[in-house]
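# Coordinates in review
If you want the building blocks of each chain, they are given just below.
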Amino acid sequence: MEELTSALKFEKSRIICLPFISAPPSNFNTIYTALLLAHENACKLNISRICSISFETSEQHKVDIHNDGSNSRVRRDNDDMEKVKEWLKTHPPFNDSDKLISLSSGIIADSKPTLIHNWYHKPTFSGRYLNFFSRHPLCQKVVGLIDRVLLLSHPSYHQENFELIIKILLNNGYPLKLIFSEIKNRLSKKFKQWNDLKITTTDNTIVNNVDTNNHSYFTIPFIPFLSEKIKKFFKKDTLIRMAYKGINNLKGFIKSHKDFRSKLSHTDVVYKIECQDCDASYVGQTGRCLKTRINEHRNHINWNTTQRSVITEHRISHQHEFDWENIKILDKERVLNKRLISEMIHIKQQRQNLNLQNDMYTLNPLYSELLAES
C-alpha cells in the first residue's frame, strides 16, 4: 500500500508503514519506539504538524469482551492500553516546538527556509585529543579544531563550539596563552581569505584574488625544532611548499593480528627456482597456489609421462638438485597478460636460465634491447 501511494500527492493523510518491532505490543517502550519512528518519518516528509494520538479498541475486541467476561488476553490487552494512555499523558513523545528536528541526521530546520547545522559528536566522544607534548606539528593540532568550528557549524553555534575546543585543549595540556594566540591567528587568516573572495558585477563569478599558482608539495618527517628550521628555507619559494609527516603513528604500536601466511600459499605470482649445484635457474608463473605448482616441478621426475620438463632434464643430465625450500617470488600480478610479460622480463634477466625459447617469443624486441643495456 505504501509503494502504491508513494507517488501520489497528499494534503491531509498518507499511509506510512512502520518497521516490525520485535517486542511485546503493549510494552511502554514498544509504543514509545513506534511513536518516535512515526515522528521521524513525518520529519522526512516535512510534516510540521502532527495530529493527536489515540488508542481505540476494535469492534472485534469489544465483541470478544462481551462474550467472555473472564480475564482473557483481549481484556488484559485493553487494560494495558488504558495504562499506556495514562502514561502518555505525563510522558508526551513529541515536544512542543516550532522547529523540525530529524532524528537521523541531527539537522534542525526552523520556520524560515534555512538549515541550521552544528558540529556533530558521536555518543562515545570523550574529549581526548593529541597531547601538547606529542611529537606532532602544532599546525596539525590546534588549527584542525578551529577549522571544524568554522566550517562544520552555523555561526549561532560558534561561541559554544569555541568554548568546547578551549576546554578540550586545556584538558590535554595546552597553555591557555597559546590557545588564544592560535585562535586569533587562524581567524585572521580565514577572514582575510574570505574577504579576498569577491563577486564580480559582470558575470557573477567568484574571483579569488589570492595567488592561484599551482604549488608543489613534498613531505618531510617532523622532528621538533629541526623541521621548522628546514621549512624557513622554502618560505621565499612561491612554487614549492613543505608539509610535515608524523613519525609516531598507530601502525608502530598496533599490529594486525593475522595468521602468518607462508610463501608457498600465495597465488598469482612469478617465481624462481635456483639450482643448488650451479648458477642455473628456472622462472615460471602460476595463478594457482604456489605450493601446488612447486610440487608438480619436484615430482615430475617420478611421473611416467612424455611431457617435457627442463627442470627434470637438468636434474637427470647433471645429477643436480634444486633448492626447493627457498623459492623466490619475483612478482605478484592478478592479470594473466601482465603476469606473462613480467615472467618473460625476469627470464631475460637471468644469467643462466633453463627456460625454453618459446617462453619468450611474444616479448617485444624493444624490451630485449632495454634489458640488455641495463
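Residues numbered from 1 in each chain as written. Predicted model: local features only at pLDDT ≥ 70, side-chain atom pairs only at ≥ 80, totals over all residues. Heavy atoms only, no water.

An unreviewed UniProt entry lists the protein chain under the name GIY-YIG domain-containing protein, from Trachymyrmex cornetzi.

## Here's the deal with the sheet that holds strand 8 (residues 269-274)
Taken in spatial order, the four strands of this open sheet run 10-8-9-11, and their pairing is mixed. Sheet topology places strand 10 (328-332) and strand 11 (352-353) at the edges, where each strand pairs with a single neighbour. Looking at chain direction, strand 9 (residues 280-286) and strand 11 are connected through two bridges and run parallel. Opposite Ala280, over in strand 11, you have Gln352 as the bridge partner. (Pairing = 2+ DSSP bridges. Helix = DSSP H or I, 4+ residues; strand = E, 2+ residues; numbered from the N terminus.)

## A few points about the confidence of the model for the protein chain
Mean pLDDT over the protein chain: 75, with 65% of residues reaching 70 or higher. Contacts for the low-pLDDT stretch residues 97-107, under 50 throughout, to residues beyond four places or in other chains number 23 contacts. Segment residues 206-211: pLDDT under 50, and twelve contacts once partners within four positions in sequence are set aside and those in other chains are kept. (pLDDT = per-residue confidence, 0-100. Contact = heavy atoms within 4.5 Å.)

## Notes on helix 11 (residues 336-348)
Given a rise of 1.5 Å per residue, 13 residues ought to cover 18 Å, and the 18 Å separating the end C-alpha atoms of helix 11 matches this to within 8%. Within the sequence span of helix 11, burial applies to Arg339, Ser342, Glu343, Met344, Ile345, His346 and Ile347. (Expected span 1.5 Å × (residues − 1). Buried < 20%, exposed > 50% of the residue type's maximum accessible area, 1.4 Å probe, protein only.)

## Some words on the packing of aromatic side chains
How two aromatic rings sit relative to each other is given by the distance of their centres and the angle of their planes. Evaluation of the coordinates by the stated rule reveals four aromatic pairs. The interplanar angle of 50° and the centroid separation of 5.9 Å between the aromatic rings of Phe322 and Trp324 together place this pair among those described as tilted. Accessibility expressed as a relative area gives 1% for Phe322, which makes it buried. Trp324 sits in the buried class, given a relative accessible area of 7%. Ring pairs connect the aromatic residues Phe132, Phe133 and Tyr174, which therefore count as one cluster. (Phe/Tyr/Trp six-rings, centres within 6.5 Å; stacked < 30°, edge-to-face > 60°.)

## A few points about the packing of helix 6 (residues 158-171) against helix 7 (residues 176-196)
Contact pair helix 6 / helix 7: the axes reach a minimum separation of 10 Å and the direction vectors enclose 140°. When the interaxial angle is binned, helix 6 and helix 7 end up oblique. Our pair here, helix 6 against helix 7, has a crossing hand that is right-handed. Contacts between helix 6 and helix 7 pair Phe162, Ile165, Ile166, Leu169 and Leu170 from the former with Leu176, Ile179, Phe180, Ile183 and Leu187 from the latter. Of the residues assigned to the contact of helix 6 with helix 7, the class counts are ten nonpolar, no polar and no charged. (Axes fitted to C-alpha atoms, helices over the stretch in contact; angles between N-to-C directions. Parallel < 35°, antiparallel > 145°, perpendicular 65-115°, else oblique. Left-handed = near helix turned anticlockwise from the far one by under 90°. Nonpolar A, V, L, I, M, F, W, Y, C, P; charged D, E, K, R; others polar.)

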